[in-house]
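Okay, here's what each chain looks like letter by letter:
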Amino acid sequence: MNPPPALVVMGVSGSGKSTVGAALAEALGVPFVDADDLHPLTNIEKMRAGLPLDDDDRWPWLRAVGDAIRAASTGTGTGAPATGVVVACSALRVSYRDAILERAPRTRFVLLQGDREMLLGRLRSRTGHFMPASLLDSQLDALEPLGPHEPGLTVDAADTPEAVIAEVRGFLTRSPDGPQRIAHP
Ligand SMILES: Nc1ncnc2c1ncn2[C@@H]1O[C@H](COP(=O)(O)OP(=O)(O)OP(=O)(O)O)[C@@H](O)[C@H]1O
Ligand SMILES: O=C(O)[C@H](O)[C@@H](O)[C@H](O)[C@H](O)CO
């Protein structure tokens, strides 16, 4: 039997990846991994200093994210049965998502898409996080929306976590097995 799919909740800083991802994992009864926890300290310190990550910073991290998804979604190396997994990861560019798919081919992406003002408002009122609101524009510049040939769906980041969970459930019902290529709005 094919291992169950992994879902990567993705988008720019403040789109709600961690919040929605954790709620989605709980609703689906699968483990949750926050890719922020896989960054090397040098990446965290760079972002904390207000400097955007570049590709050299991101590639080793994305490989670690792909490996973590493969391990969690197939049980490889964990000794646990395959359960599926939800991962919160920015995955801003197509090439980054492709790198994840190379390691974990049955991954689908859930893009939380929101407008700048809403995102800025969230980041400015968030406390205790290393990511400064000043990096939002660099994140929006880097973001490449999901293309029609990428597996996944795009949802409104302004929706409640419950509404996003309902949309993802609908998506999984429509395409329960294997990588799906669906049209995006
Ligand atoms: N659907 C939502 N509705 C209202 N507020 C939300 C929603 N999702 C997240 N938030 C709030 O917005 C802020 C950013 O959310 P969160 O930290 O989950 O985003 P993120 O995409 O993981 O950010 P980062 O990439 O910087 O870690 C938090 O204060 C969170 O409580
Ligand atoms: O790709 C990137 O620029 C980084 O991964 C960021 O997106 C952060 O990880 C995250 O958004 C902050 O918590």
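Predicted, not measured: the structure shown is a model, and the values here were computed from it. (Residues numbered from 1 in each chain as written. Chains lettered and ligands numbered in written order. Predicted model: local features only at pLDDT ≥ 70, side-chain atom pairs only at ≥ 80, totals over all residues. Heavy atoms only, no water.)

Quick notes on the site of ligand 1
With respect to spatial proximity, 16 residues lie near ligand 1, and among them Ser13, Lys17, Thr19, Arg126 and Asp159 are the closest. With respect to ligand 1, the backbone of glycine 16 contributes an N or O atom lying 3.0 Å from an oxygen atom. Between threonine 19 and ligand 1, the recorded distance is 2.6 Å, taken from a side-chain N or O atom to an oxygen atom. With the chains in place, 76% of the 620 Å² that ligand 1 exposes on its own is no longer accessible. Per-element tally for the shell around ligand 1: the top contributor is helix H1 (residues 17-28), with 3 residues. The residue makeup of the shell around ligand 1, split by class, is 4 nonpolar, 7 polar and 5 charged. (Near = heavy atom within 4 Å. Polar contact = N/O pair within 3.5 Å; in protein donor to acceptor, adjacent residues only side chain to side chain. Areas by Shrake-Rupley, 256 points an atom, 1.4 Å probe, with all protein chains shown as cover. Helix = DSSP H or I, 4+ residues; strand = E, 2+ residues; numbered from the N terminus. Nonpolar A, V, L, I, M, F, W, Y, C, P; charged D, E, K, R; others polar.)

Regarding the nonpolar core
Counting 28 residues, the largest nonpolar core has Met10, Val65, Ile69, Cys89 and Ile100 as the members making the most contacts within it. If you tally residues by element for this core, the top one is helix H3 (residues 55-74), at 5 residues. Among all residues touching valine 65, those that are not within four sequence positions of it are Ala35, Leu38, Val87, Cys89 and Ile100. One finds Val86, Val155, Val168 and Leu172 within the second-largest nonpolar core, a separate group that totals 17 residues. (Core = buried A, V, L, I, M, F, W, Y, C linked by side-chain atoms within 4.5 Å. Buried < 20%, exposed > 50% of the residue type's maximum accessible area, 1.4 Å probe, protein only. Contact = heavy atoms within 4.5 Å.)

Remarks on the pairing of strand E5 (residues 152-156)
Extensive coverage of E5 is indicated by the burial of 4 of its 5 residues. As defined by bridge partners, strand E4 (residues 107-113) adjoins E5 across 5 bridges and the pair is classed as parallel. When the bridges of E5 are listed, leucine 112 appears paired with valine 155. (Pairing = 2+ DSSP bridges.)

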